[in-house]
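Understanding the architecture of this molecule
Listed here are the chains, written in short residue letters.
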Amino acid sequence: MKSLGRYLVSLFLSVVMVFVSIAAIAALVLTVNVTSSKLCKMSDDSNLPEVVIGEIGKYYKNKYNTTGIPAEVYTSAITKEDISAEIERNIVSGFYSMEKESSESSQFSLPELENSISDFFDNYAAENGFSDTEKLEARKQSEIKSAYKVISNQCDVFRFNSLKEHGVLGKLSKVYPYRRVGVVSLLCASLLIMVIFLAVNHKEKPAMLYWTGISEIIAGIFTAVPAAVFLSSGKLSAFTIKQPQIFTAYTSEIHAIAMAFLAAGLAVLVVGIAFIILYKIFSTRDESVAPTKPLPIN
């Protein structure tokens, strides 16, 4: 009866450990991969600044018939470095909002763009004999302010401003600052279960290796297989996001996270197999030691 009791307790703990391990994997993967530094690096690796510059050019070409301002007035005055810096500023500001539950106040500055817009209006005024300097200056400042807004919006590749307006970042700020605490807590819970395994099977200590190994193998499979299926399904290319920089940003990050889940799942699977191998090694030293099983029926 004692053997049957140990088996049932060990089986229950094994099921709990599977879920705890999966939760720990998910928390660790997201904590490591969803950071401002990771997203900024991904932005450069995916050539998002070039994509954004192209979209800014398209936007102002489409507006030319309305404003009469050539797209080159804007595109010739901004560089890849300017756009990269603004993309990073938006990303850092978004994470700051989740971390501190407030906004970062820094703004970007493009003196060359301001000069280009001012020169265009000055030349236009000179060519057309427009002498109302007050109206001209007001028009300049209005267009400069609009240009900053358009460029910043195009550079917000993860749409942090929209997420903030819809209250998503506010909700995430309740959880995000405690992500590391969650990872440590889940890892400690796994270690605690291993200790309980050892206590329950104190008369056959290698059984702890067996139950832990089985749990980790199952957790690894449940993590790696869905990630592999998702990556091979081609579902990322089916996303319907019209703006190419946003499409590239989100699909690249989702792909990176899926790859991380696959790698983590395989790593846990290997750890589980290693535990089973260790169990075999230690149990063969004492033939009387075997994983806890129900009592045979005589």
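Residues numbered from 1 in each chain as written. Predicted model: local features only at pLDDT ≥ 70, side-chain atom pairs only at ≥ 80, totals over all residues. Heavy atoms only, no water.

**Quick word on helix H3 (residues 48-67)**
With 20 residues, H3 ought to run about 28 Å at 1.5 Å a step, and its terminal C-alpha atoms sit 27 Å apart, in line with that. Those residues of H3 that sit buried are Leu48, Pro49, Val52, Glu55, Ile56, Gly57 and Tyr60. At the exit of H3 stands Gly68, carrying a positive phi of roughly 80 degrees. (Helix = DSSP H or I, 4+ residues; strand = E, 2+ residues; numbered from the N terminus. Expected span 1.5 Å × (residues − 1). Buried < 20%, exposed > 50% of the residue type's maximum accessible area, 1.4 Å probe, protein only.)

**Some remarks on a nonpolar patch on the surface**
Taken together, the side chains of Ile218, Ile221, Phe222, Val225 and Val229 present a nonpolar region at the surface, about 430 Å² in accessible area. For Ile218, a relative accessible area of 31% gives the class partly exposed. (Patch = residues over 30% accessible without salt bridge, like charges linked within 9 Å, V, L, I, M, F, W, Y side chains within 5 Å. Areas by Shrake-Rupley, 256 points an atom, 1.4 Å probe, with all protein chains shown as cover. Salt bridge = Lys/Arg side-chain N within 4 Å of Asp/Glu carboxyl O.)

**Here's the deal with the domain arrangement of the protein chain**
With domains assigned, the protein chain is organised as domain 1 (4-35 + 178-286) and domain 2 (43-172). Computed over C-alpha atoms, the centres of domain 1 and domain 2 are 44 Å apart. In this assembly, twelve residues from domain 1 lie in contact with twelve residues from domain 2. When domain 1 packs against domain 2, close to 1000 Å² is buried across both sides, 60% of that on carbon and sulfur atoms. Linking domain 1 to domain 2 there are one salt bridge. Residue Arg179 pairs with Glu99 through a salt bridge whose shortest N-O separation is 3.3 Å. Across the contact surface, domain 1 and domain 2 share five residue pairs in polar contact (both at pLDDT 80 or more). (Domains from an automatic or database assignment. Contact = heavy atoms within 4.5 Å. Buried area = accessible area lost by both parts, 1.4 Å probe. Polar contact = N/O pair within 3.5 Å; in protein donor to acceptor, adjacent residues only side chain to side chain.)

**Some words on the packing of aromatic side chains**
Inspection of every chain in the model, using the stated rule, returns eleven aromatic pairs. Centre to centre, the rings of Tyr60 and Tyr74 are 3.6 Å apart; their planes meet at 10 degrees, and the pair counts as stacked. Within this pair, whereas Tyr60 is found in helix H3, its partner Tyr74 is found in helix H4 (residues 72-75), the two being separated by 14 residues in sequence. With relative accessibility at 1%, the residue Tyr74 sits in the buried group. Ring centres 6.1 Å apart and planes at 45 degrees place the aromatic pair Phe158 and Phe160 in the tilted group. Of the residues examined, Phe158 reaches a relative accessible area of 4% and is grouped as buried. On the basis of relative accessible area, Phe160 is assigned to the buried category, the value being 8%. Ring-pair connections join several aromatic residues into one group, and the members of that group are Phe95, Phe158, Phe160, Tyr176 and Tyr250. Over the face of the ring belonging to Tyr176 we find Arg179, whose NZ or CZ atom lies 3.9 Å from the ring centre. (Phe/Tyr/Trp six-rings, centres within 6.5 Å; stacked < 30°, edge-to-face > 60°. Lys NZ or Arg CZ within 6 Å of the ring centre and 35° of its normal.)

**Considerations on the environment of Val32**
Note that Val32 resides in helix H1 (residues 2-33). As a C-alpha pair, Val32 and Ile257 span 225 residues in sequence and 9.4 Å in three-dimensional space.

**Quick notes on the packing of helix H6 (residues 111-128) against helix H7 (residues 133-155)**
Between H6 and H7, the shortest axis-to-axis distance is 10 Å and the interhelical angle comes to 145 degrees. Both H6 and H7 take part in a crossing whose hand is right-handed. Two secondary-structure elements touch here, H6 through Pro111, Leu113, Glu114, Ile117, Ser118, Phe121, Asp122 and Ala125 and H7 through Leu136, Arg139, Lys140, Glu143, Ile144, Ala147, Tyr148 and Ile151. Residues belonging to the contact of H6 with H7 are distributed by class as follows: ten nonpolar, one polar and five charged. (Axes fitted to C-alpha atoms, helices over the stretch in contact; angles between N-to-C directions. Left-handed = near helix turned anticlockwise from the far one by under 90°. Nonpolar A, V, L, I, M, F, W, Y, C, P; charged D, E, K, R; others polar.)

**Here we look at the packing of helix H11 (residues 207-233) against helix H12 (residues 244-284)**
Taken N-terminus to C-terminus, the directions of H11 and H12 make an angle of 155 degrees; their axes are 7 Å apart at the nearest point. Classified by the interaxial angle, the pair formed by H11 and H12 is roughly antiparallel. Here H11 runs over H12; the crossing is left-handed. In terms of residue class, the contact of H11 with H12 is made up of 26 nonpolar, seven polar and one charged. (Parallel < 35°, antiparallel > 145°, perpendicular 65-115°, else oblique.)

**Quick word on the state of the cysteines**
For the structure on display, the rule yields zero disulfides. In this model Cys40 remains outside any disulfide bridge; the closest cysteine sulfur is found in Cys155, 12 Å from its own. (Disulfide = S-S within 2.5 Å.)

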